[in-house]
Amino acid sequence: YIIVTTFIIAMIIMGITYATSNSISQPILQLKKIITGLSKGIVQKEKVNITDSGEVGQIAMAINELTEGLKRTTGFAYEIGEGSFDTAYTTLSDQDSLGHSLVIMRDKLKTLTEEQVKLVREKASALLEGQEHERKRIVQELHDGVGQLLTGIRLRVQMLDENTQVR
């Protein structure tokens, strides 16, 4: 009976150990999968649902905060990419290097876009000014050319009149 009882107790202990280790390791493996995805740029849409009140639960809450922060930052980056440079964004913390970099990038892109618009306007203005200058030159040439031509015709007509009167 002692051997059978020891065997049964060992099996019960192994079952309890297996269940306990499974209940601890499954959430950790789930968190590992999520962290691996985050490292590859995959931001989960749903929150991690681990109700443990211990360290694993605290890690799950931290991952949820990380995911939310990345969603905000990703949304801000998308808005910048769409050309919406007036989108408001508050960095996640004072040490948020990605957020600060995106804000700097947004400001530089906004400045470059404004400079590009200014250059396009200046180019259009210069083009219009060049066209107007060319029009004035053509009008001046027409005026001067027609004026000389008319003067020449008038002199010839006068010469013809004088020749016809002299004969």
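About the criteria used
Residues numbered from 1 in each chain as written. Predicted model: local features only at pLDDT ≥ 70, side-chain atom pairs only at ≥ 80, totals over all residues. Heavy atoms only, no water. Axes fitted to C-alpha atoms, helices over the stretch in contact; angles between N-to-C directions. Helix = DSSP H or I, 4+ residues; strand = E, 2+ residues; numbered from the N terminus. Parallel < 35°, antiparallel > 145°, perpendicular 65-115°, else oblique. Left-handed = near helix turned anticlockwise from the far one by under 90°. Contact = heavy atoms within 4.5 Å. Nonpolar A, V, L, I, M, F, W, Y, C, P; charged D, E, K, R; others polar. Salt bridge = Lys/Arg side-chain N within 4 Å of Asp/Glu carboxyl O. Buried < 20%, exposed > 50% of the residue type's maximum accessible area, 1.4 Å probe, protein only. Phe/Tyr/Trp six-rings, centres within 6.5 Å; stacked < 30°, edge-to-face > 60°. Polar contact = N/O pair within 3.5 Å; in protein donor to acceptor, adjacent residues only side chain to side chain. Expected span 1.5 Å × (residues − 1). pLDDT = per-residue confidence, 0-100.

Let us look at the packing of helix 1 (residues 2–39) against helix 2 (residues 55–81). Following both chains from N to C, one finds helix 1 and helix 2 inclined at 20°, their axes separated by 11 Å at the closest point. It follows from the interaxial angle that helix 1 and helix 2 lie roughly parallel. For helix 1 against helix 2, the interelement crossing comes out left-handed. When helix 1 is examined against helix 2, the residues Pro27, Ile28, Leu31, Ile34, Ile35 and Leu38 are found in contact with a partner set consisting of Val56, Ile59, Ala60, Ile63, Leu66, Thr67 and Leu70. Of the residues contributing to the contact of helix 1 with helix 2, the split by class is 12 nonpolar, 1 polar and no charged.

One side chain can pair with another of opposite charge once the charged atoms of both are near each other. Applying the stated criterion across every chain yields a total of 6 salt bridges. Note that glutamate 132 is salt-bridged to arginine 135, the shortest N-O span being 3.6 Å. Remark: arginine 135 and glutamate 132 occur in helix 3 (residues 97–166); sequence separation between them is 3 residues, near one turn of the helix. Glutamate 141 is paired through a salt bridge with arginine 137; the nearest N and O atoms lie 2.3 Å apart. Taken together, the residues span about one helical turn, with glutamate 141 and arginine 137 both in helix 3 at a distance of 4 residues. Classification of glutamate 141 by relative accessible area gives partly exposed; the value is 48%. Residue arginine 137 is classed as partly exposed on the basis of its relative accessible area, which comes to 35%.

What characterises a pair of aromatic rings is the spacing of the ring centres plus the angle enclosed by the ring planes. The full count for this structure, using the stated rule, is 1 aromatic pair. Ring centres 4.3 Å apart and planes at 10° place the aromatic pair phenylalanine 76 and tyrosine 89 in the stacked group. Residue phenylalanine 76 is located in helix 2, and its partner tyrosine 89 is located in the loop between helix 2 and helix 3; the two are separated by 13 residues in the primary sequence. Taken as a pair, phenylalanine 76 and tyrosine 89 share a single burial class, namely buried.

A few words now on the side chain of threonine 73. With respect to the helices and strands, threonine 73 occurs in helix 2. Within polar-contact distance, the side chain of threonine 73 engages the side chain of tyrosine 89 at 2.9 Å.

With that settled, the discussion passes to helix 2. A rise of 1.5 Å per residue sets the reference length of helix 2, with its 27 residues, at 39 Å; its end C-alpha atoms lie 38 Å apart and thus fit the reference within 8%. Along helix 2, the residues that are buried comprise Val56, Gly57, Ala60, Ile63, Asn64, Thr67, Gly69, Thr73, Phe76 and Ile80. A positive phi of about 90° marks glycine 83, the residue just after helix 2.

Detailed reading of the predicted model is not advised wherever pLDDT is low. Per-residue confidence for the protein chain averages 89 on the pLDDT scale, and 99% of its residues sit at or above 70. Across the protein chain, element-level confidence peaks in helix 1 with a mean pLDDT of 91 and bottoms out in helix 3 with 89.

Along the chain, threonine 111 falls in helix 3. For threonine 111 and phenylalanine 85, which are 26 residues apart along the polypeptide, the C-alpha to C-alpha distance reads 9.7 Å.

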